[in-house]
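If you want the building blocks of each chain, they are given just below.
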Amino acid sequence: MDFKTTEKNGQLIVSGYAAKYNSPTDLGRFNEQIAHGAFDNAMKQDVRFLVNHDGLALARTTNGTLKLSSDKVGLKYEAHLNDTTASRDLYEAIKRGDVSQSSFAFTIDRQSWSDDHSTRTVEAVNSLLDVSAVVFPAYKDSSVSAL
């Protein structure tokens, strides 16, 4: 299980992997993968936790409600959701399996291409805008599950 929900003392907490390293995905015109450590310089930025990369932030790094880390698997996060209807709805959708994956929005600092230009490797992220629970992820191997 890569993404979990847990309720502690009435607080809604979700965690998971927004991206997994060295895991190619088909973006249509080319494949893309994220290199290990690509997020290292971007994790200290002001990042929001959203749903489908849209709407009101449900957690944020600058106030300590969103924690980011990088391990051998990928970009991991833990979001302590705010006490809103949107947060409760998302939490229940994750528990039920309606929302089952994660994603991230970013700009690229450094990238490389395979010789035939069929695969782009993101070597360094410039800006990490958000991590999101999503219905339709670009990276299919991001998963969501509830306890």
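Quantities reported herein were computed from a predicted structural model and do not represent experimental measurements.

Regarding the overall build of the protein
Thought 1: Check the secondary structure of the protein and you find one helix and ten strands.
Thought 2: Overall, the protein shows an N-to-C arrangement of helices and strands of β-β-β-β-β-β-β-β-α-β-β.
Thought 3: Relative to the compact-globule value of 15 Å for 147 residues, the protein shows a C-alpha radius of gyration of 15 Å, a close match.
Thought 4: Referenced to the eigenvectors of the C-alpha coordinate spread, the extents of the protein come out at roughly 50 × 30 × 25 Å.
Thought 5: Accessible surface, the protein: about 7,700 Å² in total, of which carbon and sulfur atoms supply 46%.
Thought 6: Side chains of the protein carry 16 positive and 19 negative charges; the gap between the two charge centres is 4 Å.

Some thoughts on the pattern of salt bridges
Thought 1: Within this structure, the stated rule accounts for seven salt bridges.
Thought 2: Its salt-bridge partner being E92, residue K95 comes within 3.9 Å of it at the nearest N-O pair. Taken together, the residues K95 and E92, both in helix α1 (residues 85–96) and three residues apart, mark about one turn of the helix.
Thought 3: The exposure class of K95 is partly exposed, given its relative accessible area of 43%.

Comments concerning α1
Thought 1: Counted at 1.5 Å a residue, the expected span for α1 with its twelve residues is 16 Å, and the 16 Å between its end C-alpha atoms agrees.
Thought 2: The first or second residue beyond α1 is G97, which carries a positive phi of 90 degrees.

What about the pairing of strand β5 (residues 48–51)?
In the case of a regular strand, side chains alternate between the two sheet surfaces.
Thought 1: In this sheet, strand β6 (residues 54–60) lies alongside β5 in antiparallel orientation, the contact comprising three bridges. By the bridge assignment, V51 is partnered in β6 with D54.
Thought 2: In this structure, the hairpin formed by β5 and β6 is closed by a connection of two residues, where N52 is found at a positive phi of approximately 55 degrees.
Thought 3: Where β5 lies against strand β10 (residues 119–134), four bridges are found, and the strand directions are parallel. Bridge assignment links L50 to a residue of β10, and that residue is S132.

Reading the values: the criteria
- Residues numbered from 1 in each chain as written.
- Predicted model: local features only at pLDDT ≥ 70, side-chain atom pairs only at ≥ 80, totals over all residues.
- Heavy atoms only, no water.
- Helix = DSSP H or I, 4+ residues; strand = E, 2+ residues; numbered from the N terminus.
- Rg over C-alpha atoms; globule rule 2.2 N^0.38 Å.
- Areas by Shrake-Rupley, 256 points an atom, 1.4 Å probe, with all protein chains shown as cover.
- Lys, Arg positive; Asp, Glu negative; His and termini not counted.
- Charge placed at Lys NZ, Arg CZ, Asp CG, Glu CD.
- Salt bridge = Lys/Arg side-chain N within 4 Å of Asp/Glu carboxyl O.
- Buried < 20%, exposed > 50% of the residue type's maximum accessible area, 1.4 Å probe, protein only.
- Expected span 1.5 Å × (residues − 1).
- Pairing = 2+ DSSP bridges.

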